Amino acid sequence: MYSNMLVNCSNCHTPLQLPPGAESIRCALCQAVTLIADPRSLHSLPSSHALPPPSPHGHAPPPPSPYNHAPPGPPPSVHGRKKAVICGISYKYSRHELKGCINDAKCMRYLLINKFKFPDESIVMLTEEETNPANIPNKYNIRMALHWLVQGCQPGDSLVLHYSGHGSRQRAYHGDEVDGYDETLCPLDFETQGMIVDDEINATIVRPLPHGVKLHAIIDSCHSGTVLDLPFLCRMDRGGKYVWEDHRPRSGIWKGTSGGEVISISGCDDDQTSADTSALSKITSTGAMTFCFIQAIERGQAATYGSILNSMRNTIRSTGSGGGGGGGSAAASLLGGSGGAVTSLVSMLLTGGSVGGGGLRQEPQLTSCEPFDVYAKPFAL
């Protein structure tokens, strides 16, 4: 009976989507907890907590998402024009531990703030280092952050999702996957709570996206090529020539947006793994894909989507084969151009051991809700 219900945050009045059966919800923006009244008394809630009225234009509301994640109507925007969710998971003290993912998250946050002018207050960070329980990257908090990212978005908004952590795949029995597998993200508590499947990610942040809104997903994990389940994949060879593969499900189910634009850059193809390595930065461990993505932007090789994808792939191919990855310059100069800034960056990033280097086999991938000319379309977040 809570399906598709929106409530306003009791503190900042941000529209929040209520998970089924929840008695309270925490706002990802201001962290305030809003208590939910007994459903039998919902009629007595103030009007600010009620569902939005039907559209005056007579349009039928969109069908509800199977995961109850798509709002029944676009609530008013209160966040400005740029929002981001950054998630880095180290799985510390477990047999799945990764060394570079929190480094990735910190560097991506800095990049968005200083290069692309994202307001600090419009970025939600999910890492194990966060002191607020609502920012620990467990399954519930990641789901809530994904809701927050797209809720209230308006034409002109630019949204970013960055994820650095484990990814996996599982057999798909619905017949909608070209390769027969669903791709997944692994929250901190995936062993007890389960993984987040690509169908759910698509239903949450892709299908509801309205006209005029742009979303970029930067996914640094294994088996991540089509983890947003977008309809088209850019299949590019080593010479830079490409064709768009049609990954639309044979069932006809719609995996695109509601008019918005979604582009995903991921660490590898669906059948590949992504490296957590010190071979690129020479300073500390990073995700290979995140490092190469930031380095391409820093070196001026990100004018178009084609140029950034080629730059990332070339850097990864050359790692371990004598070509190097540019040493630690990308990570070091990212947080400043002076010696003091570099020193502070090194101090911030050094976290101990790293996964060894050798040649990397992964190939970053580009998927989109619509085909486009990757060498003509300018890249911008």
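Reading guide: rules and limits
- Residues numbered from 1 in each chain as written.
- Predicted model: local features only at pLDDT ≥ 70, side-chain atom pairs only at ≥ 80, totals over all residues.
- Heavy atoms only, no water.
- Helix = DSSP H or I, 4+ residues; strand = E, 2+ residues; numbered from the N terminus.
- Buried < 20%, exposed > 50% of the residue type's maximum accessible area, 1.4 Å probe, protein only.
- Contact = heavy atoms within 4.5 Å.
- Areas by Shrake-Rupley, 256 points an atom, 1.4 Å probe, with all protein chains shown as cover.
- Pairing = 2+ DSSP bridges.
- Axes fitted to C-alpha atoms, helices over the stretch in contact; angles between N-to-C directions.
- Phe/Tyr/Trp six-rings, centres within 6.5 Å; stacked < 30°, edge-to-face > 60°.
- Parallel < 35°, antiparallel > 145°, perpendicular 65-115°, else oblique.
- Left-handed = near helix turned anticlockwise from the far one by under 90°.
- Nonpolar A, V, L, I, M, F, W, Y, C, P; charged D, E, K, R; others polar.

**Q** I'm lost on the overall build of the chain in this one. Help?
**A** Within the chain one finds eight helices and 17 strands. The buried share of the chain, reckoned over its 381 residues, is 54%. Taking all contacts inside the chain whose residues are at least 6 apart in sequence as the whole, residues at least 24 apart take part in 72%. Accessible surface computed for the chain: about 16,100 Å², of which carbon and sulfur atoms make up 55%.

**Q** Could you clarify how one ought to interpret the environment of isoleucine 89 in this entry?
**A** Among the secondary structure elements, isoleucine 89 is positioned in the loop between β5 (82-88) and α1 (101-114). For isoleucine 89, a relative accessible area of 0% corresponds to the buried category. Once the C-alpha coordinates of isoleucine 89 and isoleucine 136 are considered, the two residues, 47 residues apart in sequence, prove to be 9.0 Å apart. Residues in contact with isoleucine 89, not counting those within four places in the same chain, are Leu98, Cys101, Glu128, Pro137, Ile142, Tyr163, Ser164, Gly165, Cys186, Pro187 and Leu188.

**Q** Help me understand unusual backbone geometry, please; the structure alone is not making it clear to me.
**A** The bulk of non-glycine residues show a negative phi, and the bulk of peptide bonds are trans. Phi is positive for lysine 117, which is not a glycine, with a value near 60 degrees. Within the secondary structure, lysine 117 is located in the loop between α1 and β6 (123-127). According to the relative accessible area criterion, lysine 117 is exposed, its value standing at 62%. In this model, aspartate 229 sits at a positive phi of 60 degrees, which is unusual for a non-glycine residue. Owing to a relative accessible area of 8%, aspartate 229 belongs among the buried residues under this scheme.

**Q** What's the story with the sheet that holds strand β12 (residues 232-236) in this structure? I'm lost.
**A** Two pairing modes exist for strands in a sheet, parallel and antiparallel, and in both the strands are linked by backbone hydrogen bonds. Spatially, the eight strands line up as an open sheet ordered β6-β5-β7-β11-β14-β17-β12-β13, and their pairing is mixed. A strand with exactly one partner marks an edge of an open sheet, and here the two such strands are β6 and β13 (242-246). The mean inter-strand angle of the sheet, taken between neighbouring strand axes irrespective of direction, is 15 degrees. Where strand β11 (residues 214-220) and strand β14 (residues 261-266) come together, six bridges link them in parallel fashion. Residue histidine 216 lies in a different strand from β14, and its bridge partner there is isoleucine 263. Helix α5 (residues 288-298) rests against β7 (158-164), β11 and β14 of the sheet, and its axis sits at about 130 degrees to β11.

**Q** Is there a simple way to explain the packing of aromatic side chains in this structure?
**A** Centre distance and the angle of the planes are the two values used to describe a pair of aromatic rings. For the coordinates displayed, the defined rule picks out eight aromatic pairs. A centroid spacing of 6.2 Å and a plane angle of 85 degrees characterise the contact between tyrosine 91 and phenylalanine 190, whose relative ring orientation is edge-to-face. Here tyrosine 91 is found in the loop between β5 and α1, whereas its partner phenylalanine 190 is found in helix α3 (residues 190-193), with 99 residues between them in sequence. Each member of the pair, tyrosine 91 as well as phenylalanine 190, carries the same accessibility label: buried. Plain terms: the ring middles of phenylalanine 116 and phenylalanine 379 are 6.3 Å apart, the flat faces sit at 85 degrees to each other, and that makes the pair edge-to-face. Of the two residues, phenylalanine 116 is situated in the loop between α1 and β6 and phenylalanine 379 in the segment after β17 (365-368); the sequence distance between them amounts to 263 residues. Here phenylalanine 116 matches phenylalanine 379 in class, with each residue buried. Within the aromatic cluster, the residues linked to one another by ring pairs are Phe116, Tyr242, Trp244, Phe293, Tyr305, Phe372, Tyr375 and Phe379.

**Q** What is the right way to read the packing of α5 against helix α6 (residues 305-318) from this model?
**A** Each pair of packed helices can be described by the angle between their axes along with the distance between the axes. The contact between α5 and α6 brings their axes to 9 Å, and the two run at 125 degrees. On the basis of their axis angle, the class for α5 and α6 is oblique. You can see that α5 and α6 cross each other, and the crossing is right-handed. From α5, Ala288, Met289, Cys292, Phe293, Gln295, Ala296 and Ile297 reach across to α6, where they touch Ile308, Ser311, Met312, Thr315 and Ile316. Of the residues assigned to the contact of α5 with α6, the class counts are nine nonpolar, three polar and no charged.

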